[in-house]
Amino acid sequence: MDLDNHRQEPQAAGDGPQSGELSARQRWMGVLAKSNGAELARLWAGLDGLPGWTRLRAPEVGMVMARGRIGGDGRRFNLGEITVTRCAVRLTETGTVGHAYVMGRDKQHAERAAVLDALLQEPDQTARIEAGVIRPLADAAADARARAARKAGATKVDFTTVTRGED
Amino acid sequence: MQATSDASAESDGLLPGFDDPVQGAQQAFRAILQAMARPGTVQSCGAELSVPAPLGEAMAAVCLTLADADAPLWLSSPLRTAPVERYLKFQCNAPLHDAPNAASFALADAAGMPRLNDLASGDDRYPDRSATLLVEVPSLTDDGGWTLRGPGIETTARLAVEGLPSDFAEQWRQNGELFPQGVDVVFTCGARLAALPRTTRLEG
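Because the structure is predicted, anything quoted here is derived from the model rather than measured. (Residues numbered from 1 in each chain as written. Chains lettered and ligands numbered in written order. Predicted model: local features only at pLDDT ≥ 70, side-chain atom pairs only at ≥ 80, totals over all residues. Heavy atoms only, no water.)

Undergrad: Outline the overall build of chain A, supporting the account with residue identities and numerical values.
TA: Scanning chain A from terminus to terminus reveals five helices and three strands. When the helices and strands of chain A are placed in sequence order, the string is α-α-α-β-β-β-α-α. In chain A, which comprises 167 residues, the proportion classed as buried is 35%. For chain A, contacts bridging at least 24 residues in sequence account for 56% of all contacts bridging at least 6. (Helix = DSSP H or I, 4+ residues; strand = E, 2+ residues; numbered from the N terminus. Buried < 20%, exposed > 50% of the residue type's maximum accessible area, 1.4 Å probe, protein only. Contact = heavy atoms within 4.5 Å.)

Shown next, in the form of structure tokens:
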């Protein structure tokens, strides 16, 4: 199944390298997409007053082609296929539609992320979901990246080249 | 889990597809297959779906089951509403084309159906690369109307379809002369459908 035809945000924002500002929705969808299922479940359980919803698209598992750029700024190439689960829901009270794509095969994870995407679009819910879910997930992800960078940094070797003075 | 019927759902076309995508598509496929295999029989299909008007349930079920990113769709103008287009794009991911001859599935109301020879009829190496015409008709029954003969029909079958252009039988006769090329037709009426594969001959 080919998921990459279904884009939530306009092409202009998402096609090139992530150099400009991301819209708020892109940012929180990205955090949810890369979040850990168990971690999101834990934060979800800590929320109260969650609304009812119906499924527009039941969680389904598929593949997307992940692409990278050599050195972060070269030509794009296909890195490999990754498993992604997607879901779309509509909140019953307000009719807001939420979409989610998450890495992995966890269907409940995808459904929770879709409901949170819908809630985050509602002005009176944004602040508490940002604080209760998105910020903790984003902080945890940043910590994990920093730890990995430190570990990798510890293995870095500084080469010094000694030129033989011929003259 | 119930289908929503509030205003926002109606207006943006984002309605759920099959409750169980696998079962729903399998059952719809079976209905379409039976209709094609036994021309003249009327099958029920898609009754569980909530669909944006004026798309019918059986026509939507055919699209959900068979249309995908490789199967372009064409919609006749009464069907070309924003909710219907959004529904088909969201559920099927099928591209929508302006010209009927580029479509794998042409969705039409009975009065506005394209001429059969305006649709893709395949080529001599790939006669299956032809279009399937899905026509929503006001009335569809298997008593009275045409007499059908051909593969899948032991002697004869009957099919009464209302609302079609007056020269449909003549168009169909010419379509039959193109065999193995040609188009196939699925008539839908709400949550029921019947099919005419290109090998079926109509009389009366």
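Undergrad: Help me get a handle on the packing of helix α3 (residues 37-45) of chain A against helix α4 (residues 107-120) of chain A, residues and values and all.
TA: Relative placement of two packed helices is described by the angle separating their axes and the distance separating the axes. Residue and element names in this part refer to chain A. Two numbers describe how α3 lies on α4: the axes approach to 10 Å, and their chain directions differ by 50°. Between α3 and α4, the interaxial angle falls into the category oblique. Here α3 runs over α4; the crossing is left-handed. Facing α3, whose interface residues are G37, L40, A41 and W44, α4 presents H109, R112, A113, V115 and L116. (Axes fitted to C-alpha atoms, helices over the stretch in contact; angles between N-to-C directions. Parallel < 35°, antiparallel > 145°, perpendicular 65-115°, else oblique. Left-handed = near helix turned anticlockwise from the far one by under 90°.)

Undergrad: A description of the pattern of salt bridges should follow, citing residues and the corresponding values.
TA: Under the definition given, this model contains 13 salt bridges over all chains. Put simply, R27(A) and E130(A) hold a salt bridge, and the shortest N to O gap is 3.2 Å. Of the two residues, R27(A) sits in helix α2 (residues 24-33) while E130(A) sits in helix α5 (residues 123-154), which places them 103 residues apart along the sequence. When its relative accessible area of 12% is taken as the criterion, E130(A) is described as buried. Residue E170(B) pairs with R173(B) through a salt bridge whose shortest N-O separation is 2.8 Å. With E170(B) and R173(B) both in helix α5 (residues 168-177) and three residues apart, this pair spans about one turn of that helix. Given the relative accessible area of 43%, R173(B) is considered partly exposed. Several salt bridges share partner residues, and in doing so they unite R57(A), E60(A) and R86(A) into one network. (Salt bridge = Lys/Arg side-chain N within 4 Å of Asp/Glu carboxyl O.)

Undergrad: Could you give an account of the sheet that holds strand β6 (residues 140-149) of chain B, with specific residues and numbers?
TA: All names here are of chain B. Taken together, three strands build an open sheet; the order of strands is β7-β6-β10 and the sheet is antiparallel. The open sheet terminates on both sides in strands that have one partner only, identified here as β7 (157-161) and β10 (201-203). For this sheet, the mean angle separating the axes of adjacent strands, direction not counted, is 65°. Pairing analysis gives five bridges linking β6 to β7, with the strands arranged antiparallel. Each bridged residue has a counterpart across the sheet, and for W146 the counterpart in β7 is L159. (Pairing = 2+ DSSP bridges.)

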